[in-house]
Amino acid sequence: MDRKHERIAGERGAIGAQAAERRADGGTTRDSGASRRRGPKLEDAILDAAWDVLVEQGYHGFTYEAVAARAGTSRPVLYRRWPQRDDLLLATLTKFWQPIAVPDTGSLRDDAIGFLRNADADRAGMITLMSVQLVDYFRDTGTSLSELRDALLAPGQATAFETIVARAVERGELPDVPRSSRVVNLPLDLLRHDMFMTMRAVSGESIVEIVDEVWLPLLGMPGAPT
């Protein structure tokens, strides 16, 4: 093969490689003038598609093939960003597991009740989803919802009730003494238990009972006056 033919073959190979890369990144082989998805925009589209697949098909149907097809991209694009399926799952849950607003009312009781109400409104659907759609994940990995929740928190990040109790100590509502993590975080654990048992939102009355009749007495404080 002479140099001219070698040059032509090389150019064809380069063009083919570029076309393959465009297809892998969710673009097209034609320059239609439309901007292609790249970077954060592409990742957002993939994670949105992954969420839809998880909600509709559960962990069993949460495959690279299903997510790539829903996102309109290819499996190599997913593999490059998330080498393992569980990496993609964790990234998907991280995007949709948004922080719950922690009130700062100046009152321990009001902060606790306000946070549980926020959690009830924000998490009821998510808790139901995880309890149903991630059963296979927990079984395959030998992990639990608690461990998954910890993985979704930033390292060293205080829990909501650790923050609420720390503020109460600073205000002088509570003495500055050691408290077990189980006691501090009990209200959210009880709320989560009610969600699991009923598979629906928790009533306002139950939230008040958790705080007034269980948690505050454990902390050595009276509940609301009757």
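Scroll up to find the structure.
These figures come from a predicted structure and were not determined experimentally. (Residues numbered from 1 in each chain as written. Predicted model: local features only at pLDDT ≥ 70, side-chain atom pairs only at ≥ 80, totals over all residues. Heavy atoms only, no water.)

K.L.:
Would you mind going over the overall build of the chain with me for this structure?
P.N.:
Broken down by element type, the chain carries twelve helices and zero strands. Listing every helix and strand of the chain by position from the N terminus yields α-α-α-α-α-α-α-α-α-α-α-α. In the chain, which comprises 226 residues, the share counted as buried stands at 35%. Taking as baseline every contact in the chain between residues at least 6 positions apart, the subset at least 24 positions apart corresponds to 64%. Total accessible area on the chain is roughly 13,000 Å²; 53% of this is exposed by carbon and sulfur atoms. (Helix = DSSP H or I, 4+ residues; strand = E, 2+ residues; numbered from the N terminus. Buried < 20%, exposed > 50% of the residue type's maximum accessible area, 1.4 Å probe, protein only. Contact = heavy atoms within 4.5 Å. Areas by Shrake-Rupley, 256 points an atom, 1.4 Å probe, with all protein chains shown as cover.)

K.L.:
Hey, could you run me through helix 11 (residues 186-198) in this one?
P.N.:
Because an α-helix packs 3.6 residues into every turn, residues spaced three or four apart end up facing the same way. Relative to the 18 Å expected for 13 residues at 1.5 Å per residue, helix 11 spans 18 Å between its end C-alpha atoms, a close match to the ideal helical length. What helix 11 keeps buried is the set Leu186, Pro187, Leu188, Leu191, Arg192 and Met195. Positive backbone phi, at 60°, marks methionine 199, one or two positions downstream of helix 11. (Expected span 1.5 Å × (residues − 1).)

K.L.:
Just checking my understanding: could you explain the packing of helix 2 (residues 39-57) against helix 5 (residues 85-96) for this structure?
P.N.:
What describes two packed helices is the angle between their axes and the distance between those same axes. For the pair helix 2 and helix 5, the least separation of the axes is 9 Å and the interaxial angle reads 95°. When the interaxial angle is binned, helix 2 and helix 5 end up roughly perpendicular. Contacts from Asp44, Ile46, Leu47, Asp48, Ala50, Trp51 and Leu54 of helix 2 reach helix 5 at Leu88, Leu89, Ala91, Thr92, Leu93, Lys95 and Phe96. Partitioned by chemical class, the residues of the contact of helix 2 with helix 5 number ten nonpolar, one polar and three charged. (Axes fitted to C-alpha atoms, helices over the stretch in contact; angles between N-to-C directions. Parallel < 35°, antiparallel > 145°, perpendicular 65-115°, else oblique. Nonpolar A, V, L, I, M, F, W, Y, C, P; charged D, E, K, R; others polar.)

K.L.:
Which parts of the structure should I look at to understand the nonpolar core?
P.N.:
Buried together is how nonpolar side chains tend to be arranged in soluble globular proteins. Ranked by size, the top nonpolar core spans 31 residues in total, and within it Ile46, Leu78, Leu88, Leu93, Met130 and Leu134 carry the most contacts. Among the secondary structure elements, those contributing two or more residues to this core are helix 2, helix 3 (64-71), helix 4 (75-81), helix 5, helix 6 (108-133), helix 7 (135-141) and helix 8 (145-152). Among the elements that take part in this core, helix 2 stands out by supplying eight residues, more than any other. When near neighbours in sequence (up to four residues on either side) are disregarded, methionine 130 contacts Leu93, Trp97, Val135, Phe138, Leu145, Leu148 and Leu152. (Core = buried A, V, L, I, M, F, W, Y, C linked by side-chain atoms within 4.5 Å.)

K.L.:
I would appreciate a short explanation of the packing of helix 5 against helix 8 in the present structure.
P.N.:
Two elements in contact, helix 5 and helix 8, have axes separated by 10 Å at closest approach and are oriented at 75°. One element, helix 5, and the other, helix 8, form an angle in the roughly perpendicular class. Residues Leu90, Leu93 and Thr94 of helix 5 form the contact with helix 8, whose own contacting residues are Leu148, Ala151 and Leu152. Per-class residue counts for the contact of helix 5 with helix 8 are five nonpolar, one polar and no charged.

K.L.:
Could you clarify how one ought to interpret helix 3 in this entry?
P.N.:
By the burial criterion, the buried members of helix 3 are Tyr64, Ala66, Val67, Ala68 and Ala71. Residue glycine 72 follows helix 3 closely and has a positive phi angle near 70°.

K.L.:
What am I meant to see in the packing of aromatic side chains here?
P.N.:
Any two aromatic rings considered together are summarised by their centre-to-centre distance and by the angle between their planes. On inspection of all chains with the given rule, the structure shows six aromatic pairs. Ring centres of phenylalanine 161 and tryptophan 215 lie 5.2 Å apart, and the angle between their planes is 75°; on these two criteria the pair is classed as edge-to-face. On the criterion of sequence distance, the pair formed by phenylalanine 161 in helix 9 (residues 160-171) and tryptophan 215 in helix 12 (residues 204-218) is long-range, its members being 54 residues apart. The class of phenylalanine 161 is buried, set by a relative accessible area of 1%. (Phe/Tyr/Trp six-rings, centres within 6.5 Å; stacked < 30°, edge-to-face > 60°.)

K.L.:
Just checking my understanding: could you explain the pattern of salt bridges for this structure?
P.N.:
Opposite charge on two side chains permits them to pair, given that their charged atoms come into close proximity. Using the criterion set out here, one finds 13 salt bridges in the structure. Note that arginine 109 is salt-bridged to aspartate 212, the shortest N-O span being 2.7 Å. Of this pair, arginine 109 sits in helix 6 while aspartate 212 sits in helix 12, and the two are 103 residues apart along the sequence. Exposure remark for arginine 109: the relative accessible area of 24% places this residue in the partly exposed category. Aspartate 212 sits in the buried class, given a relative accessible area of 14%. One salt-bridge network, in which partners are shared between bridges, spans Asp104, Asp111, Arg171 and Glu173. (Salt bridge = Lys/Arg side-chain N within 4 Å of Asp/Glu carboxyl O.)

K.L.:
How should the side chain of glutamine 133 be read in this particular structure?
P.N.:
Of note, glutamine 133 is situated in helix 6. On the accessibility criterion, glutamine 133 (17% relative accessible area) is buried. Here valine 55 takes part through its backbone oxygen, which lies 2.5 Å from a polar atom of the side chain of glutamine 133. Among all residues touching glutamine 133, those that are not within four sequence positions of it are Leu54, Val55, Glu56, Gln57, Gly58 and Tyr59. (Polar contact = N/O pair within 3.5 Å; in protein donor to acceptor, adjacent residues only side chain to side chain.)

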